[in-house]
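# What the coordinates show
The primary structure of each chain is shown beneath.
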Amino acid sequence: EDGIITDIKLIQGTLLVKVGDTVRAGDPLVAPYVIDSSGNKIPIEPKAEISADVWLSGEATFEETKQVTKRTGNYVTQRKMTFLDKEIVTSKEDIPFMYYDIETKEEYLSDYILPIKYTTIIYHELETKTIVQSFSDVEKEVVQEAKNLAKSRMIEGDEIKAENYITYEKNGKTTVSYSITVKRTISD
């Protein structure tokens, strides 16, 4: 993990870091050797319990103006029956909608000797609306979403030391960046 070393308990090996050092994920923390009084390197399995302050973050973005497309409740239904991949009965309706969503349901009325398939196609009308909402109206929810994203990165044994967030605007979008500082064991 990336973080700042806060506690070290060396069991065996040679320390490569000290309390207060900033480390990145993958940095070696303990060398796999000890140096004897003659200056010789003696190989040994490195072992240490090292804790660090680690920062977990989550971001949530809010747009004051957004386009939402949803069904209006109006629909047109077409039905057809097929036998051996040939349509035998069809009810066709003109589709009066400019924008629509298609839902298809198929069922076999008989699947033995005579494979008769009944298909229902439903065309749902869609409309696009522009929704304008102020960030202040939903600020708590957006902050909570960012916090939940940061907390989802926590692991068992993490101890929360501090939490904070910042809010900034860019290109008509408001972003909440939430940060949690945890004390985490990064080496056993």
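Source: prediction; values computed, not measured. (Residues numbered from 1 in each chain as written. Predicted model: local features only at pLDDT ≥ 70, side-chain atom pairs only at ≥ 80, totals over all residues. Heavy atoms only, no water.)

Looking now at the pattern of salt bridges. This structure, assessed with the given rule, holds eleven salt bridges. Here Asp21 ties to Lys18 by a salt bridge, and the two come within 3.1 Å at their closest N and O atoms. A residue is classified by how much of its surface remains accessible, and Lys18, at 55% relative accessible area, is exposed. Of the charged contacts in the structure, one is a salt bridge between Arg71 and Asp101, with a shortest N-O distance of 3.0 Å. Of this pair, Arg71 sits in strand β8 (residues 65–83) while Asp101 is found in strand β10 (residues 100–110), placing the two residues 30 residues apart along the sequence. (Salt bridge = Lys/Arg side-chain N within 4 Å of Asp/Glu carboxyl O. Buried < 20%, exposed > 50% of the residue type's maximum accessible area, 1.4 Å probe, protein only. Helix = DSSP H or I, 4+ residues; strand = E, 2+ residues; numbered from the N terminus.)

Moving on: the environment of Lys66. Relative to the helices and strands, Lys66 resides in strand β8. According to the relative accessible area criterion, Lys66 is partly exposed, its value standing at 39%. Distance in space between the C-alpha atoms of Lys66 and Ile131 is 5.5 Å, their sequence separation being 65 residues. Setting aside residues up to four positions removed in sequence, Lys66 forms contacts with Lys129, Thr130 and Ile131. (Contact = heavy atoms within 4.5 Å.)

Bringing the nonpolar core into the picture now. In this structure, Val142, Val176 and Tyr178 are the most contacted members of the largest nonpolar core, which totals 15 residues. With six residues, the single largest contributor to this core is helix α1 (residues 135–151). Apart from residues no more than four positions distant in its own chain, Val176 is found in contact with Gly58, Glu59, Ala60, Phe135, Val142, Val143, Ala146, Tyr165, Ile166 and Thr167. With seven residues, the next largest nonpolar core counts Val17, Leu29, Ala48 and Ile50 among its residues. (Core = buried A, V, L, I, M, F, W, Y, C linked by side-chain atoms within 4.5 Å.)

Let us now look at the sheet that holds β10. In space, the four strands of this open sheet follow the order β9-β8-β11-β10, with antiparallel pairing throughout. On the outer flanks of this sheet lie β9 (86–91) and β10, each paired with one strand and no other. Strand-to-strand twist of the sheet, defined as the mean angle between neighbouring strand axes without regard to direction, takes the value 30 degrees. (Pairing = 2+ DSSP bridges. Axes fitted to C-alpha atoms, helices over the stretch in contact; angles between N-to-C directions.)

Attention now moves to α1. The terminal C-alpha atoms of α1, which comprises 17 residues, lie 23 Å apart, in line with the 24 Å expected from a rise of 1.5 Å per residue. At Glu141, α1 shows its maximal bend, which comes to roughly 30 degrees. Of the residues making up α1, those classed as buried are Phe135, Val138, Val142, Val143, Ala146 and Ala150. Against β7 (47–63), β12 (159–170) and β13 (173–187) lie the buried residues of α1. (Expected span 1.5 Å × (residues − 1). Bend = angle between axes of the 7 residues up to and from the residue.)

Negative phi values dominate among residues other than glycine, just as trans dominates among peptide bonds. Positive phi outside glycine occurs at Asn171, with the angle close to 55 degrees. You can see Asn171 is positioned in the loop between β12 and β13. Assessed through its relative accessible area of 70%, Asn171 is described here as exposed.

Strand order across the open sheet formed by five strands is β3-β1-β7-β13-β12, with antiparallel pairing between neighbours. A strand with exactly one partner marks an edge of an open sheet, and here the two such strands are β3 (22–23) and β12. Pairing analysis gives 14 bridges linking β7 to β13, with the strands arranged antiparallel. Counted as the bridge partner of Ile50 is Ser187 from β13.

Counting across every chain of the model gives three aromatic pairs. Seen from their ring centres, Phe62 and Phe135 are 5.8 Å apart, and the 50 degrees between their planes marks the pair as tilted. Placement of Phe62 in strand β7 and of Phe135 in helix α1 is noted, with a sequence separation of 73 residues between them. No difference in accessibility class separates Phe62 from Phe135, as the two residues are buried. Aromatic side chains Tyr165 and Tyr178 sit 5.9 Å apart centroid to centroid with 10 degrees between the ring planes, which places their arrangement in the stacked category. Of the two residues, Tyr165 is situated in strand β12 and Tyr178 in strand β13; the sequence distance between them amounts to 13 residues. Among the residues examined, Tyr178 registers a relative accessible area of 7% and is labelled buried. It is Lys41 that lies over the ring of Tyr33; its NZ or CZ is 4.6 Å from the centre. (Phe/Tyr/Trp six-rings, centres within 6.5 Å; stacked < 30°, edge-to-face > 60°. Lys NZ or Arg CZ within 6 Å of the ring centre and 35° of its normal.)

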